[in-house]
Amino acid sequence: RPVVVPRYQDASARNPVLAYNLVWLLSFVLNGLAMHALLRRYAVSDLAAFGGSLVFTFSYYKMLHAHGHLPLIWTWLLPLSLLALHRWNDRPTLARALSWALAVLLQALTSWYLAVIVAVVSIATTMALALRWRTDWPRRCAHVAAAALVIGACVWPFAREYRHLRTSAVSEAAANSADLAGYLVPPEHTWIGQRRRR
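**A short note on the packing of aromatic side chains**
Inference 1: For the structure shown, the criterion picks out 6 aromatic pairs.
Inference 2: On the numbers, 6.3 Å between centres and 20° between planes, the contact of Trp88 with Trp100 is stacked. Taken as a pair, Trp88 in helix α6 (residues 77–90) and Trp100 in helix α7 (residues 94–110) lie far apart in primary sequence, 12 residues in all. Grouping residues by exposure puts Trp88 and Trp100 together as buried.
Inference 3: An angle of 75° between the planes, with centres 5.8 Å apart, marks the rings of Trp88 and Trp133 as edge-to-face. Here Trp88 is found in helix α6, whereas its partner Trp133 is found in the loop between α8 (112–130) and α9 (137–159), with 45 residues between them in sequence.

Written as structure tokens, this is what we have:
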């Protein structure tokens, strides 16, 4: 029996190449807007925030992965999660805590690499903000616990499959992980890296 495609279905739903390219283009726009919104809280001007958002949007990491790793450039939820966390810290309500949790959750489900990054950034920022809490400790801690519970409950069905990794897979991941030089030495594809090789 032939499959009948509804007439109202748009072109992107029937064209995965178009859908991919639209999401690819949208990722750069959203990366720039989200980082600009975060930086505008602290930058002295829109121009400074715009410059910082360009650095984030077109960083070496993004350009390295932009050719085919769509989940690794879909990072706009990272600055958005930090913005939501700071807004919750300004006025702690459960709704703001859950909006922060939603941004973290969606970023974590994009890629396990980004899940680790957003987890580290969220935990470090929350701990830094907690050092300045003067009042509402019980309520703030309850909000953070509720956010963590929502994130954990939604991520666990995907993460539990990795509990039984073979020893070879763990050793392979350790062998391919970055060492100190990987963070400090410029990549060979950058102009600084090219000058270092000469």
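What follows picks up the thread again.
**A few points about the packing of α7 against α8**
Inference 1: Interaxial distance between α7 and α8 falls to 6 Å at its minimum, and their mutual angle equals 150°. It follows from the interaxial angle that α7 and α8 lie roughly antiparallel. The segment α7 lies against α8, with Trp100, Val104, Gln107, Ala108 and Thr110 engaging Trp112, Leu114, Ala115, Val118, Ser122 and Thr126.
Inference 2: Split into classes, the residues belonging to the contact of α7 with α8 amount to 7 nonpolar, 4 polar and no charged.

**Notes on the side chain of Arg140**
Inference 1: Within the fold, Arg140 resides in helix α9.
Inference 2: Residue contacts for Arg140: discarding those within four places in its chain leaves Trp88, Asn89, Pro92, Trp133 and Thr135.

**Observations concerning the nonpolar core**
Inference 1: Counting 18 residues, the largest nonpolar core has Trp100 and Ile151 as its most contacted members.
Inference 2: When residues of this core are traced back to their parent elements, those giving at least two are α6, α7, α8 and α9.

**Here we look at unusual backbone geometry**
Inference 1: For Asp136, which is not a glycine, the phi torsion comes out positive at approximately 60°.
Inference 2: Counting through the fold element by element, Asp136 comes out in the loop between α8 and α9.
Inference 3: You can call Asp136 partly exposed: its relative accessible area is 35%.

**Quick notes on a nonpolar patch on the surface**
Inference 1: There is a patch of nonpolar side chains on the surface, built from Leu47, Phe50, Leu54, Phe58 and Met63 and spanning about 520 Å² of accessible area.
Inference 2: Considering each element in turn, the nonpolar patch owes the most residues, 3 residues, to helix α3 (residues 46–57).
Inference 3: In this fold, Phe50 is placed in helix α3.
Inference 4: On the basis of relative accessible area, Phe50 is assigned to the partly exposed category, the value being 45%.

**Remarks on the packing of helix α2 (residues 16–40) against α6**
Inference 1: Direction vectors running N to C along α2 and α6 enclose 30°, while the axes themselves pass 8 Å from each other. Looking at the two axes, α2 sits roughly parallel to α6. For the crossing formed where α2 meets α6, the hand is left-handed. Every residue of α6 that contacts α2 at Ala34, Met35, Ala37 and Leu38 is listed here: Pro79, Leu80, Leu82, Leu83 and His86.

Rules behind the numbers
- Here, residues in each chain are numbered from 1, in the same order as that chain's written sequence.
- This being a predicted model, a pLDDT of at least 70 is required before a residue's local features are given, and a value of 80 or more before pairs of side-chain atoms are given or counted; all residues contribute to the totals for chains, interfaces and linings.
- In computing side-chain properties, one takes all heavy atoms of the structure into account and sets aside hydrogens as well as water.
- Pairs were defined over the aromatic rings of Phe, Tyr and Trp, the Trp ring being its six-membered one, requiring ring centres within 6.5 Å. Orientation was assigned from the angle between planes: stacked under 30 degrees, edge-to-face over 60, tilted for the rest.
- By the criteria applied, helices consist of DSSP H or I runs no shorter than four residues and strands consist of E runs no shorter than two, each listed in order from the N terminus.
- Burial classification: accessible surface area is computed with a 1.4 Å probe over protein chains only, and a residue below 20% of its type maximum counts as buried, one above 50% as exposed, and the rest as partly exposed.
- Angles run from 0 to 180 degrees between N-to-C directions of axes, and those axes are lines fitted to C-alpha atoms, restricted for helices to the stretch in contact.
- In what follows, roughly perpendicular refers to angles from 65 to 115 degrees, roughly parallel to angles under 35, roughly antiparallel to angles over 145, and oblique to any angle outside these ranges.
- By the convention used here, residues are in contact when the closest approach between their heavy atoms is within 4.5 Å.
- Under the grouping applied here, Gly and all other residues not named as nonpolar or charged are polar, the nonpolar ones being Ala, Val, Leu, Ile, Met, Phe, Trp, Tyr, Cys and Pro and the charged ones Asp, Glu, Lys and Arg.
- As used here, the term nonpolar core means buried Ala, Val, Leu, Ile, Met, Phe, Trp, Tyr and Cys residues forming a set that is joined through side-chain atoms within 4.5 Å.
- Each patch is built from residues lacking any salt bridge and having more than 30% relative accessible area; the joining distance is 9 Å for like charges and 5 Å for nonpolar side chains (Val, Leu, Ile, Met, Phe, Trp, Tyr).
- Computed by Shrake-Rupley with a 1.4 Å probe, the accessible areas treat only the displayed protein chains as cover when residues are assessed.
- By definition, a salt bridge exists where a carboxyl oxygen of Asp or Glu is found within 4 Å of a side-chain nitrogen of Lys or Arg.
- Crossing handedness follows the turn of the near helix against the far one: under a right angle anticlockwise gives a left-handed crossing, and clockwise gives a right-handed one.

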